[in-house]
Amino acid sequence: MDISVIVPLYNEAESLPELTAWIQRVMDENQFSYEVIFVNDGSTDSSWDVIEQLSKNNPNIKGISFRRNYGKSPALNTGFNRATGDVVITMDADLQDSPDEIPELYRMIIDDGYDLVSGWKKKRYDPLSKTIPTKLFNATARKVSGIHNLHDFNCGLKAYRGEVVKHIEVYGDMHRYIPYLAKNAGFTKIGEKVVQHQARKYGKTKFGLNRFVNGYLDLGTLWFMSKFGGKPMHFFGFLGSLMFILGFLATIVVGTVKLYNMYSGRPYILITDSPYFYLSLTAMILGTNLFLAGFVGELIARNAQGRNNYEINAEI
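Residues numbered from 1 in each chain as written. Predicted model: local features only at pLDDT ≥ 70, side-chain atom pairs only at ≥ 80, totals over all residues. Heavy atoms only, no water.

1. So, the pattern of salt bridges
Next up, step 1: Counted according to the given criterion, the structure contains nine salt bridges.
Next up, step 2: For the salt bridge of arginine 25 with glutamate 29, the shortest nitrogen-to-oxygen distance reads 3.3 Å. In this pair, arginine 25 and glutamate 29 are both assigned in helix 1 (residues 16-30), four residues apart and thus about one turn of the helix distant.
Next up, step 3: Across the salt bridge formed by glutamate 101 and lysine 193, the nearest N and O atoms sit 2.5 Å from each other. With a gap of 92 residues between them, glutamate 101 in the loop between strand 4 (87-90) and helix 4 (102-110) and lysine 193 in strand 7 (residues 190-194) connect regions that are remote in the sequence.
Next up, step 4: Via salt bridges that share partners, Arg25, Glu29 and Asp100 belong to a single interconnected network. (Salt bridge = Lys/Arg side-chain N within 4 Å of Asp/Glu carboxyl O. Helix = DSSP H or I, 4+ residues; strand = E, 2+ residues; numbered from the N terminus.)

Below is the structure:
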């Protein structure tokens, strides 16, 4: 099969018939063999009824329905597991992503050899309250991930080589960082295509400003896991050792100053009356706890099931 189109959705019953007809027209014009996998993320409207009716009229339409709303990342991950196409396309169900982009995205994967191509909605029909935080978010994501050629990490319109989606796990709210996940899995040929952004035609957006706060927290988690997930002692052990040594040296300085003042006849105070002693002691305690956290992390990492699962690209 040429293409699998994965469409996660939540309460998008109005847009589904138009989106399906649009995808079908593009596929027929380009003579692609395809499947469309709608992942109904616990919608409370008639979205699932619409999907069932669409699948009866078109055998290429498939559907998965969650019992409740889990989020976009679980929906995408479930769709990735079901996809069988050589190229996998993801898009949102709100008609803001254009299916007319599919042929060029497919060509970039097949002919240009990209592992992943991410859409860039260069001209957006969004208010400033959304576009300005988005620019800051993407700038931070480029810096942390090292993928400097992407301008829009969170664009729902993306194309993947079929192999890529089988080697990444999208969980929590990590759909924002799928290019970073792919890079960490060894798929480094990542490209970008300017795509058309359409104004929302039906319904209303499902995302609030809290996604930007959560996005930064998720980015920090992903950075830590990619750098130290398999060797936590390198992070916690280093910080713990550094804090313990600084606290220990500070304690020696406090004691030395008291002894010097005592034997030189100068006024002095008890070590326990000095605030610097307690700061030093606190640093030593924190350092010890950080070191122990690294040690416990190493025990967990070394007993993890996938600790020796390495992606092998070729073998003779």
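2. What about the environment of glutamate 298?
Next up, step 1: Residue position: glutamate 298 is located in helix 10 (residues 275-302).
Next up, step 2: Using a relative accessible area of 12% as the deciding quantity, one classes glutamate 298 as buried.
Next up, step 3: Spatially, the C-alpha atom of glutamate 298 lies 6.4 Å from that of lysine 231, the residues being 67 residues apart in sequence.
Next up, step 4: The contacts of glutamate 298, once residues within four sequence positions are left out, are Gly230, Lys231, Pro232 and Met233. (Buried < 20%, exposed > 50% of the residue type's maximum accessible area, 1.4 Å probe, protein only. Contact = heavy atoms within 4.5 Å.)

3. Considerations on the side chain of asparagine 58
Next up, step 1: Looking at where asparagine 58 falls in the secondary structure, it is placed in the loop between helix 2 (47-57) and strand 3 (61-65).
Next up, step 2: A polar contact is formed between the side chain of asparagine 58 and the side chain of tyrosine 34, at a distance of 3.2 Å.
Next up, step 3: Filtering out sequence-adjacent residues up to four positions away, asparagine 58 remains in contact with Gln24 and Tyr34. (Polar contact = N/O pair within 3.5 Å; in protein donor to acceptor, adjacent residues only side chain to side chain.)

4. Considering the packing of aromatic side chains
Next up, step 1: Inspection of every chain in the model, using the stated rule, returns seven aromatic pairs.
Next up, step 2: Residues phenylalanine 32 and tyrosine 106 carry aromatic rings whose centres are separated by 4.8 Å and whose planes lie at 55° to one another, so their mutual orientation is tilted. One end of the pair, phenylalanine 32, is in the loop between helix 1 and strand 2 (34-40); the other, tyrosine 106, is in helix 4, with 74 residues separating them in the sequence.
Next up, step 3: Judged by its relative accessible area of 15%, tyrosine 106 falls in the buried class. (Phe/Tyr/Trp six-rings, centres within 6.5 Å; stacked < 30°, edge-to-face > 60°.)

5. Examining the nonpolar core
Next up, step 1: Of all hydrophobic cores here, the largest spans 34 residues; its most connected members are Ile3, Val5, Phe38, Ile89 and Met91.
Next up, step 2: Broken down by secondary-structure element, the contributors of at least two residues to this core are strand 1 (3-9), helix 1, strand 2, helix 2, strand 4 and helix 4.
Next up, step 3: When residues in this core are grouped by element, the largest group, six residues, is from helix 1.
Next up, step 4: Contact partners of isoleucine 89, with chain neighbours within four places excluded, come to Ile3, Ser4, Val5, Ile6, Ile102, Leu105, Leu157, Lys158 and Ala159. (Core = buried A, V, L, I, M, F, W, Y, C linked by side-chain atoms within 4.5 Å.)

6. Considerations on the pairing of strand 3
Next up, step 1: Pairing analysis gives five bridges linking strand 2 to strand 3, with the strands arranged parallel. Across the sheet, valine 39 pairs through a bridge with isoleucine 64, a residue of strand 3.
Next up, step 2: In this fold, the crossover linking strand 2 to strand 3 by way of helix 2 has right-handed handedness. (Pairing = 2+ DSSP bridges. Right-handed = clockwise from strand over helix to strand, strands pointing away.)

7. Quick word on the packing of helix 9 (residues 233-263) against helix 10
Next up, step 1: Two numbers describe how helix 9 lies on helix 10: the axes approach to 7 Å, and their chain directions differ by 160°. In terms of orientation, helix 9 lies roughly antiparallel with respect to helix 10. As helix 9 packs across helix 10, the resulting crossing turns out to be left-handed.
Next up, step 2: Its residues assigned to classes, the contact of helix 9 with helix 10 comprises 17 nonpolar, nine polar and one charged. (Axes fitted to C-alpha atoms, helices over the stretch in contact; angles between N-to-C directions. Parallel < 35°, antiparallel > 145°, perpendicular 65-115°, else oblique. Left-handed = near helix turned anticlockwise from the far one by under 90°. Nonpolar A, V, L, I, M, F, W, Y, C, P; charged D, E, K, R; others polar.)

8. Some words on a negative patch on the surface
Next up, step 1: On the surface, a cluster of negative charge is made up of Glu14, Asp45, Asp49 and Glu52.
Next up, step 2: On the secondary structure map, glutamate 14 appears in the loop between strand 1 and helix 1. (Patch = residues over 30% accessible without salt bridge, like charges linked within 9 Å, V, L, I, M, F, W, Y side chains within 5 Å. Areas by Shrake-Rupley, 256 points an atom, 1.4 Å probe, with all protein chains shown as cover. Lys, Arg positive; Asp, Glu negative; His and termini not counted. Charge placed at Lys NZ, Arg CZ, Asp CG, Glu CD.)

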